[in-house]
Amino acid sequence: MTEPRRDAPIRILMLEDSALDAELITAQLSRARLNFTVQRVWTRAAFLAELDDQRYDIILADHVLPGFDGDSALQLTQELMPRIPFIFVSGTLTEELAVQALTRGARDYVVKQRLQRLPDAIIRAIEEGHARFKLLSAEHELKQSRDRLQLITDSMPALIAHLDPDHRYQFANTAYEAWHGRPPAELIGLQVKEVVGSALFDAALPHLQQVLEGQRVRFELEVPRADGTPRHVLLDGVPEISADGHVAGYYTLGRDISDLKQAELLLRDANESLEQQVQQRTADLQQSESRLQALFESSFQLQNLLDTDGRVVDANRASLAAILSSKDAVSGELFCDSAWFAASPGAGDVVCAAVVAAASGNESRHELDLQLPTGRRSFDFSFRPLLDHQGRITAVVSEAVETTARRQAEEALRQSQKIEAVGQLTGGIAHDFNNILTVIAGNVEHAKLLVDRQSEASSPVARPLDNALKGVMRAASLTQRLLAFARRQPLMNQAVNLNEQVLGMQDMLQRALGELVRLQIDAAPDMWCVEVDPSQLEASILNLAVNARDAMPDGGTLVLETGTGVLDDDFVEQNPDVPPGQYAVLRVRDSGHGMGPDTMARVFEPFFTTKEVGRGTGLGLSMVYGFVKQSGGHVQLESVPGEGTVITLLFPRSSLPLPGPRPAEDSGYAEYESQDETILVAEDNDDVRAYTVDALRQLGYRVLEAHDGPSAIRLLERPDVEIDLLFSDIVMPGMTGWELARESRERKPELRILFTSGYPRDHQANNQLGRPIAILPKPFTRIDLARAVRGTLDEHAPR
């Protein structure tokens, strides 16, 4: 296509039967200083003859002509010369006719009474024609370019395609028809999965995702042809980078390398002469070596080629990258003494023995944890002999697959199994043990109450009773520590300010630390709110402080720091069980004797302790760990022998408002006494039931007792009894507390219910009735029982 000249005179074909009007039009164009030539016709035949000449830049036509009309002329122009602009110049043209003309393809219309518009209309129409011409030319050249590209790619045997980020074909050459039985036109818009099948697509997807991240990749797949014949294909993926730097799609080039895979077999089966075999083998081996070297270098495994003495002959990029070294730096070096193993005690000896065994013809595999310049990483190493065509051992091949992520997952699983085992153990014994503690605590407290009422402060039994009650509480605390590590303790979470919590413990901590340890508290301003159990938090801080004190027998400094931080993706990648986000930080730092790696690896295990027998249960740090994990947080441990220890507790930030000051705890019973209410006690343990009934009656309540759920139901159904509160154990034979509560609510919807349980799992299932029910954990004292009963009755009392 040839573009019209822009500097030549404008060639005008004028369809006008009035000579006067033609003269006026010509005069108007001359007055506008247009460079033009004009040819006037007024019949259909003359107009068609001029159109065949194809030498005009624009057509000016009257609307009404004798034996002819402008609409017909416009139609002929559209059919024969659609590129030439067409302008109506008429004195009889109405707006309706003008709109119709423009709709049919006219570029403009000018009323003869306003010919001064005509020059501008002509120039505009011609310029628009030039622009359309350029657009058509560009489209024509683009089509030619696409045709050439299609011709070139179709002439190649390789599979060539262009795909969008959703893995849909935008282009494919004809080689795809031979492989997949579909012409390229049918592939456009289809996803790769629809063409090659789900299994093959899933195998290629990890590599394609790398391409969509902007990387060039090369990988192999076994791809069946349309006739079902499996073939090995080497695929190259190249990302298509847009102007803004984003990946707009990608190109793939697939080459059939099945023959290369069979090259060695074909060489052995060749029947040519020895010279031809040697020449052919040499050529094929060179080609194969080149490809093998490419595969060797591109492998993600750590691959090393050693001579039979164990010296490095070659190392691929992945292996060199692990030690931040170069091929020249390691060539000739003994592999077992190299940077791969130098910083890992004992690893070099294992490797030396494995290389000697491989040089003798024996393969071996080893799991090694290595300290590399790039960090501590785990690998599965394999060592095997490399044989030549005569079966002689010529070298040793070392391959290593990184297993760091798998080892971390296995360790996390082992830790989870430990926690689950302890949880099952503690959960199983907690119910019965806490029942026993409830009876002991209740009776000791009752005896102490009787002694106090007799005002016998100096009674010889007062002190033993106090000690017995403290012992019960310590036994309950021991159970709670086990539950804390197993993450099964019932937590009473609320909004907490770490600064206020730590500063409020200052006096208590100083007394626990003694005179030799200096306590320093650094509270960061503008602390974030966290949602934890305050009592468990205090117990954790006290545990950490006491451990720190024991690590500083000659005195030292204990620093408690608070702060805030954000855990990013890099941190989360190293700690998969911790979600990213904003965290409040509590850091406990001491200047004690510190810990070695072996101690640090076990420090959070239950019952593990470095103290002598009788000085510790080994549950302190495990309780801290379990409490923090159960609260959605994370624990970090840093320690160097002789330089002290830093334990960091991370708690997720909470959006809850901080609570106001907590009211002082009361110790009297008066405000918890009965207000003429009746309580039904359902408890299968006779001793616990007797203690509970006795305590409630002493508070003035009318009490009915049932040894199981069905008995309680029968008492509820008695018409002569109006029960205000059901106080029930959760774990009972035959009918559980949840089932009893459901049956009771069906009979008396407004019945108030209070649960008790010594089994921690019950505290996490408090949603079975659609609304929460208070649970009094065992063991409980009389004041605990009085407070819980009164609170439940008052909370649901009618207003």
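Further up the page is the structure itself.
Parameters at a glance
- Residues numbered from 1 in each chain as written.
- Predicted model: local features only at pLDDT ≥ 70, side-chain atom pairs only at ≥ 80, totals over all residues.
- Heavy atoms only, no water.
- Core = buried A, V, L, I, M, F, W, Y, C linked by side-chain atoms within 4.5 Å.
- Buried < 20%, exposed > 50% of the residue type's maximum accessible area, 1.4 Å probe, protein only.
- Helix = DSSP H or I, 4+ residues; strand = E, 2+ residues; numbered from the N terminus.
- Contact = heavy atoms within 4.5 Å.
- Axes fitted to C-alpha atoms, helices over the stretch in contact; angles between N-to-C directions.
- Parallel < 35°, antiparallel > 145°, perpendicular 65-115°, else oblique.
- Left-handed = near helix turned anticlockwise from the far one by under 90°.
- Nonpolar A, V, L, I, M, F, W, Y, C, P; charged D, E, K, R; others polar.
- Phe/Tyr/Trp six-rings, centres within 6.5 Å; stacked < 30°, edge-to-face > 60°.
- Disulfide = S-S within 2.5 Å.
- Pairing = 2+ DSSP bridges.

Chemist: Tell me about the nonpolar core, and name the residues and values.
Modeler: Leu498, Leu537, Ile541, Leu558, Leu560, Leu649 and Phe651 are the most contacted members of the largest nonpolar core, which totals 37 residues. Among the elements that take part in this core, helix α23 (residues 620–630) stands out by supplying six residues, more than any other. If we ignore the near neighbours within four places in the chain, the residues touching Phe651 are Leu498, Val530, Val532, Leu537, Gln582, Tyr583, Ala584, Phe627, Val628, Ser631 and Gly633.

Chemist: An account of the packing of helix α19 (residues 506–513) against helix α20 (residues 534–550) is needed here, citing residue identities and associated values.
Modeler: Running from N to C, α19 and α20 point in directions that differ by 30 degrees, and their axes come no closer than 9 Å. Regarding the angle of α19 to α20, the classification is roughly parallel. Crossing of α19 over α20 shows right-handed handedness. Contacts between α19 and α20 involve Leu509, Ala512 and Leu513 from the first element and Ile541, Leu542, Ala545 and Arg549 from the second. Here the contact of α19 with α20 is built from residues that sort into six nonpolar, no polar and one charged.

Chemist: Can you lay out the packing of aromatic side chains for me, pointing to particular residues and giving the numbers?
Modeler: Under the definition given, this model contains eleven aromatic pairs. Both rings, one in Phe47 and one in Phe68, keep their centres 6.1 Å apart while their planes meet at 55 degrees; by these two values the pair is tilted. Of the two residues, Phe47 sits in helix α2 (residues 44–53) while Phe68 sits in strand β5 (residues 68–69), which places them 21 residues apart along the sequence. Pair check on accessibility: Phe47 and Phe68 agree, each one buried. Members of the aromatic cluster, joined through ring pairs, are Phe335, Trp340, Phe341, Phe379, Phe381 and Phe383.

Chemist: Quick one: what's the story with the state of the cysteines, residue by residue and with numbers?
Modeler: One covalent bond between the sulfur atoms of two cysteine residues makes up a disulfide. For the coordinates displayed, the defined rule picks out one disulfide. A sulfur-sulfur separation of 2.2 Å characterises the disulfide bridge that pairs Cys336 with Cys352. Residues Cys336 and Cys352 share a disulfide whose torsion about the S-S bond is about 65 degrees; that sign makes it right-handed. Of this pair, Cys336 sits in the loop between α14 (327–330) and α15 (347–359) while Cys352 sits in helix α15, and the two are 16 residues apart along the sequence. You can call Cys336 buried: its relative accessible area is 11%.

Chemist: Give a description of the sheet that holds strand β3 (residues 58–61) that names residues and reports values.
Modeler: Paired through backbone hydrogen bonds, the strands of a sheet run either parallel or antiparallel to each other. Judged by pairing direction, the sheet is parallel, and its five strands sit side by side in the order β2-β1-β3-β6-β7 without closing on themselves. Of all strands in the sheet, those with a lone pairing partner are β2 (36–41) and β7 (108–111), marking the two edges. The average angle at which neighbouring strand axes cross in this sheet is 20 degrees, direction not considered. As paired elements, strand β6 (residues 86–90) and β7 share four bridges and run parallel to each other. Note on β7: the bridge partner recorded for Phe88 is Tyr109. Of the strands in this sheet, β1 (10–15), β2, β3 and β6 are in contact with helix α1 (residues 19–31), which crosses β2 at around 170 degrees. The strands touched by helix α3 (residues 70–80) are β1, β3 and β6; relative to β6, the strand with the most contacts, the crossing angle is about 170 degrees.

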